Amino acid sequence: QVFTPPALYLFFFQAEGGIRDRDVTNFISGMLRDRKEPIPPEDILLVSKSIKERHCYTSPDLVREFSKYDNDPAKYFRTFDATH
């Protein structure tokens, strides 16, 4: 059995003039709202900012980023097999 964490997301988006911190925070806030996560409305931006700062990064060169994973996938991807 292969286990894939349900909350693992990989996303890319490009904004004219670059990606701003606020864009990423707002994107995460939207995802949390869409998933109907039980976060009080007055805390959603603070929670989104915390998620961004702990688990996100941006890449200035998307082609170079993809080639890194293409050249050595075993270094960046793991498969978990488990028997239940």
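It should be noted that the structure appears before, not after, this text.
Residues numbered from 1 in each chain as written. Predicted model: local features only at pLDDT ≥ 70, side-chain atom pairs only at ≥ 80, totals over all residues. Heavy atoms only, no water.

Trainee: I tried to follow the packing of helix H1 (residues 21–34) against helix H2 (residues 44–55) on my own but got confused; where do I start?
Mentor: The angle between the axes and the distance between the axes are what describe a pair of packed helices. Between H1 and H2, the least distance of the axes is 8 Å, while the angle of their chain directions is 115°. Taken together, H1 and H2 sit at an angle that is classed as roughly perpendicular. Of the two elements, H1 crosses H2, and the hand of that crossing is right-handed. Every residue of H2 that contacts H1 at Asp-21, Val-24, Thr-25, Asn-26, Ile-28, Ser-29, Leu-32 and Arg-33 is listed here: Ile-44, Leu-45, Val-47, Ser-48, Lys-49, Ile-51 and Lys-52. Across the contact of H1 with H2, the residue classes tally to 7 nonpolar, 4 polar and 4 charged. (Axes fitted to C-alpha atoms, helices over the stretch in contact; angles between N-to-C directions. Helix = DSSP H or I, 4+ residues; strand = E, 2+ residues; numbered from the N terminus. Parallel < 35°, antiparallel > 145°, perpendicular 65-115°, else oblique. Left-handed = near helix turned anticlockwise from the far one by under 90°. Contact = heavy atoms within 4.5 Å. Nonpolar A, V, L, I, M, F, W, Y, C, P; charged D, E, K, R; others polar.)

Trainee: I keep staring at the pattern of salt bridges and nothing clicks. Help me out?
Mentor: Side chains that carry opposite charge are capable of pairing whenever their charged atoms lie near each other. Tallied over the entire structure, the rule returns 2 salt bridges. In this structure, Glu-37 and Arg-35 form a salt bridge, with 2.8 Å as the shortest nitrogen-oxygen distance. Put simply, Lys-68 and Glu-65 hold a salt bridge, and the shortest N to O gap is 3.5 Å. With Lys-68 and Glu-65 both in helix H3 (residues 62–71), this residue pair falls 3 residues apart, about one helical turn. Glu-65 sits in the buried class, given a relative accessible area of 9%. (Salt bridge = Lys/Arg side-chain N within 4 Å of Asp/Glu carboxyl O. Buried < 20%, exposed > 50% of the residue type's maximum accessible area, 1.4 Å probe, protein only.)

Trainee: Before we go on, may I ask you to explain unusual backbone geometry in this structure?
Mentor: Note: most peptide bonds trans; most residues except glycine with negative phi. Within the chain, Lys-36 stands out as a residue other than glycine whose phi angle is a positive 55°. Mapped onto the fold, Lys-36 is located in the loop between H1 and H2. Under the relative-accessibility criterion, Lys-36 is labelled exposed at 70%.

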